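# Tertiary structure, described
Letter by letter, the chains look like this.
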Amino acid sequence: MANSKRTLFIKRRLRVRNKLRKVNAGRMRLSVHRSSKNISVQLIDDVNGTTLASASTLEKGLGVVGKNNIDAATKVGAEIAKRAKKAGVTEAYFDRGGFLFHGKVKALAEAAREGGLKI
């Protein structure tokens, strides 16, 4: 019996997240969500269960409202790095969820690294 795309996505997301929790205990989590129209990222403190910073293509200030391409992902990555510095965070681990580390997700991660966030 073949698995659906959604089932495979959920299995991949859980596998990635559980492995990262074991390896990177105590660090902040940079969680990425990508839809067909937007991309968003959150800096999460799992110990306290709070979101410290977030950025998304839905924000008008970034100038990429409703776009989901590599340029938009790069701008979101640079913005989350800037907001993380403002929140006093220099290190985080990159939680790509069930998304492959390719294209938009990779561009977001590289932009965050260039912005000074160690992931």
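### With respect to the pairing of strand 2 (residues 39–45)
Where a strand is regular, its side chains alternate between the two sheet faces. Of all 7 residues making up strand 2, 5 are buried, and the element is well covered by its neighbours. Bridge analysis of strand 1 (residues 28–34) against strand 2 gives 6 bridges, and the strand direction is antiparallel. Within the sheet, the bridge partner assigned to His33 lies in strand 2 and is Ser40. Count of turn residues in the strand 1/strand 2 antiparallel hairpin: 4 residues. Where strand 2 and strand 3 (residues 50–56) come together, 6 bridges link them in antiparallel fashion. The partner of Val41 across the bridge, within strand 3, is Ala55. The turn linking strand 2 back onto strand 3 is made up of 4 residues, and Gly49 within it adopts a positive phi angle of 70 degrees.

### Points about the confidence of the model for the protein
Taken as a whole, the protein shows an average pLDDT of 90; of its residues, 99% reach a score of 70 or greater. Of all the helices and strands in the protein, helix 1 (residues 5–23) carries the lowest mean pLDDT, 87, while helix 3 (residues 104–114) carries the highest, 95.

### Things to note about the side chain of Asp45
For Asp45, the position within the fold is in strand 2. Arg29 is the oppositely charged side chain nearest to the buried, salt-bridge-free Asp45, at an N-O distance of 9.0 Å. Of the polar contacts made by the side chain of Asp45, one reaches the side chain of Asn48; its length is 2.8 Å. In this view, Asp45 contacts Met28, Thr50 and Leu52; residues no more than four positions away in its chain are not counted.

Cut-offs and rules
- Residues numbered from 1 in each chain as written.
- Predicted model: local features only at pLDDT ≥ 70, side-chain atom pairs only at ≥ 80, totals over all residues.
- Heavy atoms only, no water.
- Buried < 20%, exposed > 50% of the residue type's maximum accessible area, 1.4 Å probe, protein only.
- Helix = DSSP H or I, 4+ residues; strand = E, 2+ residues; numbered from the N terminus.
- Pairing = 2+ DSSP bridges.
- pLDDT = per-residue confidence, 0-100.
- Lys, Arg positive; Asp, Glu negative; His and termini not counted.
- Salt bridge = Lys/Arg side-chain N within 4 Å of Asp/Glu carboxyl O.
- Polar contact = N/O pair within 3.5 Å; in protein donor to acceptor, adjacent residues only side chain to side chain.
- Contact = heavy atoms within 4.5 Å.

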